[in-house]
Amino acid sequence: MSASPRKLESLTVVVPGLNEIDNLPKLYEDLTHTLGQGEWKLEILFVDDGSTDGTLEACRQLNAKDPRFQYISLSRNFGHQKAVTAGLDLAWSQAVVVMDADLQDPPDVVIEMIKVWSEGADVVYGRRRIRKGDSFLKKATAKAFYRLLQFMSGTPIPVDTGDFRLMDRRVVEQLRIMREQGRYIRGMVSWVGFIQRPVIYDRPPRHKGESKYPYFRQIRLAWEGISAFSTWPLRMATMVGIFFSMVAFGMAVYYALRKILINDFDPGWASIMVSIFAVGGAQLFFIGVVGEYIAKTFEEIKKRPLYIIRETSGNAEKRPGSA
């Protein structure tokens, strides 16, 4: 006998943003129009990640207009993943949705996520079928990264997904326990387990403004994901070292036999220089990889807070997670 569908009583939509004053009015309108008519209690929790364009003042105005719109303002820009963490720490609804402020995560997809959650899923993540507005290079690099991470990670992380997802409260409570500095939330959500289901959707182009994730920040996030969920780069150093040792041994045997049997060996500096540069380059590369892991350890042992809150709206500052 199948279990009866769960009924959603409260929903918090966590929206991290940096300099999103142009998107806030449209975001608020779409969220309240699409999600504010349901049987559940809706809350929009915007996390201002150190904006400098008037986003905070716009948040104050929206909060005064509609108490369903709450906000957290961080003391500076801590980064997207830590801004998401701040929102999750202060979200206390039955289910929590994480989405971006640029309206590339359609609010109507959340309705479908709620349906899948009501059928028993604890995490419902959005899987992108089409990425409108992204360049060919961005699509290609994103596709390659997701598959590389899937290959390297010991934790199965769904491909072609971002942070757009709905999570049951018990999943959010587990994420609150995980306080590592190097945060890759979509990987952390996969790691905690529970029942996870996808919702396929077409991602529209950004409503206004420019992406806050240029290529260098995307590369950094990719490294956070790989280093947080895989020790494969460290193991690769051993494999490459063995490979070069075998190549060097093979070359030594080849040139020794050629000298003995044919005696036409013409010694030169080219092979020596190529070998030095190849081996030296590999050594420096993997010393850098080891250094990155040591740097991550250094950041963790300092035990600094993940973020600092400068200001919150009235309801947000009274929550257990805001202390």
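Given the structure is predicted, the values throughout are model-derived calculations rather than measurements.

S.K.: Would you take a moment to explain the environment of Pro-67 for this structure?
M.R.: Here Pro-67 is to be found in the loop between helix H2 (55-65) and strand E3 (69-74). Pro-67 sits in the exposed class, given a relative accessible area of 55%. Between the alpha carbons of Pro-67 and Glu-43 there is a distance of 8.3 Å; along the sequence they are 24 residues apart.

S.K.: Would you mind showing me how to read the confidence of the model for the protein chain here?
M.R.: Low pLDDT marks stretches whose predicted atomic positions should not be read closely. Mean pLDDT over the protein chain: 78, with 65% of residues reaching 70 or higher. Per-residue pLDDT, averaged within each element of the protein chain, yields its smallest value for helix H8 (residues 215-229) (59) and its largest for strand E4 (residues 95-98) (95).

S.K.: I'm lost on the pairing of strand E1 (residues 10-17) in this one. Help?
M.R.: Every other side chain in a regular strand lies on the same face of the sheet, so the side chains alternate between the two faces. Most of E1 is tucked away: eight of the eight residues are buried. Judged by which residues are buried, E1 turns out to be covered on both faces: Ser-10, Thr-12, Val-14 and Pro-16 on one side and Leu-11, Val-13, Val-15 and Gly-17 on the other are all buried. As paired elements, E1 and strand E2 (residues 41-48) share eight bridges and run parallel to each other. Bridged to Val-14 within E2 is Leu-45. The parallel pair E1 and E2, bridged by helix H1 (residues 24-35), forms a crossover whose chirality is right-handed. Bridge count between E1 and E4: four bridges; the pairing is parallel. Each residue of the ladder has a partner; that of Thr-12, found in E4, is Val-96.

Conventions used here
Residues numbered from 1 in each chain as written. Predicted model: local features only at pLDDT ≥ 70, side-chain atom pairs only at ≥ 80, totals over all residues. Heavy atoms only, no water. Helix = DSSP H or I, 4+ residues; strand = E, 2+ residues; numbered from the N terminus. Buried < 20%, exposed > 50% of the residue type's maximum accessible area, 1.4 Å probe, protein only. pLDDT = per-residue confidence, 0-100. Pairing = 2+ DSSP bridges. Right-handed = clockwise from strand over helix to strand, strands pointing away.

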